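Coordinate analysis (summary)
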Amino acid sequence: MPVPLFHATPMVCCEAMDHRPIGLFDSGIGGLSVVRQLQRLAPAEPLLYFADTAWFPYGPRPAAEVRKRAFAITARLLQSGVKMVVVACNTASAAALEDLRQAFDVPFVGMVPGVKPAAASSRTGRVTILATEGTLDGSLYSRVVADFGGSARVSSVAGTGLADLVERGETTADSTERHIRGILEPEIAAGSDTVVLGCTHYHFLADLIARAFPGAAIVDTTEAVARRALQVLTDNDARAPAAASGALDIIVSGDRAAFYRSMRRIGFALPVQEVSS
Ligand code: DGL
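The numbering scheme is per chain: residues are counted from 1 as the chain's sequence reads. Residues qualify for local features only when their pLDDT is at least 70, as the model is predicted, and side-chain atom pairs are given and counted only at 80 or more; totals for whole chains, interfaces and linings, by contrast, use all residues. Excluding hydrogens and water, the side-chain figures rest on all heavy atoms present in the structure.

Quick notes on the pairing of strand E5 (residues 126–131)
The buried fraction of E5 is high, at six of six residues. On E5, burial covers both faces: Arg126, Thr128 and Leu130 on one face and Val127, Ile129 and Ala131 on the other are all buried. By definition, two strands form a pair when at least two bridges between them are found by DSSP. Runs of H or I in DSSP of at least four residues are treated as helices and runs of E of at least two as strands, each being numbered from the N terminus. Summarising the sheet, E5 and strand E6 (residues 153–158) pair through six bridges and their orientation is parallel. Among the inter-strand pairings, Ile129 is bridged to a residue of E6, identified as Ser156. For each residue, the accessible area found with a 1.4 Å probe, counting protein chains only, is set against the maximum for its type, and the residue is called buried under 20%, exposed over 50%, and partly exposed in between.

What follows is the structure in structure tokens.
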């Protein structure tokens, strides 16, 4: 089926400075992991984050449905004049990244599970990829495992229920740690020494995973994705001036108060600017 074409505001070639925001989206709070990395690495860059909480969770939804959301959200972000889109969600990247690149005239950066660094650094040769069902079912994931898994034994584990706990801001609760143990214990017992966070929500569980399985290496690609986004902007001469004050604007498709409560619980300072969806 042909992919509909949407045309974004054209990028101005060779412009030295670009005040437009970087657009990012996820089903909820998970993509704030990439926001946090961008704020740390490039505090001058303005950010516009779309939290699609009305459609949370993406993980169990059919890929076509997630793809439809990704297209609608991208169109909304472009309406607000973003200069690039970071698909800060592994599930949406699996469902839509390639089609988005074909359809919209703006640079995209997406999430890919860190199979390569995990396979390269594992001492036991056995690594665990923790991701949503949607990510694990996608062809992007099987391609990455085939291309970069090398000789490592790669085991795919669905983090059922974990994104929900993060979405509610329960990132330090004992009950969340028990849930993580239930999912990962068989993997660690079988000799896995490396856990790949293949869902942006899981970034906020890294401390609990480390506490539950001391010694296990945790692979998190959120910083690499933020660096990649900044590199793409630099290559396009589209970085914000260093003296700019990079604000964080937020669009929430569902319950805003609940989203801001969870943001606070995972350590984000408010206020941020609210934008209507
Ligand atoms: N944060 C998302 C991901 O990276 C999805 C979580 C969900 O909505 O199921 O896959």
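Digging into the sheet that holds E6
In space, the four strands of this open sheet follow the order E6-E5-E7-E8, with parallel pairing throughout. At either margin of the open sheet sits one strand with a lone partner, and together these are E6 and strand E8 (217–219). Between one strand axis and the next, the sheet turns through 25° on average, direction left out of account. Looking at chain direction, strand E7 (residues 194–197) and E8 are connected through three bridges and run parallel. Bridging from a neighbouring strand, Thr194 pairs with Ala217 of E8. For helices, the fitted line uses only the C-alpha atoms of the stretch in contact; every axis is such a line through C-alpha atoms, and the angle between N-to-C directions lies from 0 to 180 degrees.

Looking at the site of the ligand
Here a residue is near a molecule or strand as soon as one of its heavy atoms is found within 4 Å of it. Every one of the 14 residues lining the ligand counts as a neighbour, but Ser27, Tyr58, Asn90, Thr91 and His201 are closest to it. Gly59 places a main-chain nitrogen or oxygen 2.8 Å from an oxygen atom of the ligand. Between the ligand and the protein, one listed contact pairs a nitrogen atom with a side-chain N or O atom of His201 at 2.7 Å. When isolated, the ligand has an accessible area of 300 Å², and the protein chains bury 99% of it. When its residues are assigned to classes, the shell around the ligand shows six nonpolar, seven polar and one charged. N or O atoms within 3.5 Å of each other form a polar contact, as long as, within protein, one can give a hydrogen and the other can take it, and as long as residues adjacent in sequence are counted only when both atoms are side-chain atoms. For the area figures, the Shrake-Rupley method with a 1.4 Å probe applies, and any residue is considered shielded solely by the protein chains shown. Under the grouping applied here, Gly and all other residues not named as nonpolar or charged are polar, the nonpolar ones being Ala, Val, Leu, Ile, Met, Phe, Trp, Tyr, Cys and Pro and the charged ones Asp, Glu, Lys and Arg.

Details of unusual backbone geometry
A cis amide bond links Phe56 with the next residue in sequence, Pro57, at an omega value of -5°. Backbone geometry at Asp237 places phi at a positive 50°, although glycine is not the residue there. Its location among the elements puts Asp237 in the loop between helix H10 (222–235) and strand E9 (248–252).

Some remarks on the packing of helix H2 (residues 63–79) against helix H3 (residues 90–103)
Orientation of H2 relative to H3, taken along the N-to-C sense of each, is 50°, at an axis distance of 8 Å. Put simply, H2 runs oblique to H3. Crossing angle aside, the handedness with which H2 passes H3 is right-handed. Taken together, the residues of H3 that come into contact with H2 (itself represented by Ala63, Val66, Arg67, Ala70, Phe71 and Thr74) are Thr91, Ala92, Ala95, Ala96, Asp99, Leu100 and Ala103. Working rule for angles: under 35 degrees goes down as roughly parallel, over 145 as roughly antiparallel, 65 to 115 as roughly perpendicular, anything else as oblique. Helix crossings fall into two classes, left-handed where the near helix is turned counterclockwise from the far one by less than a right angle and right-handed where it is turned clockwise. Any two residues having at least one pair of non-hydrogen atoms within 4.5 Å are treated as being in contact.

Describing helix H6 (residues 139–148)
By the burial criterion, the buried members of H6 are Leu140, Tyr141 and Val144. All buried residues of H6 lie within an arc of 100° about the axis, which places them on one face of the element. Residues of H6 that are buried make contact with H3, helix H4 (115–121), E5, helix H5 (133–137) and E6. Following H6 by one or two positions, Gly150 adopts a phi angle in the positive range, close to 55°. Arc definition: it is the arc formed by the directions from the helix axis to the C-beta atoms.

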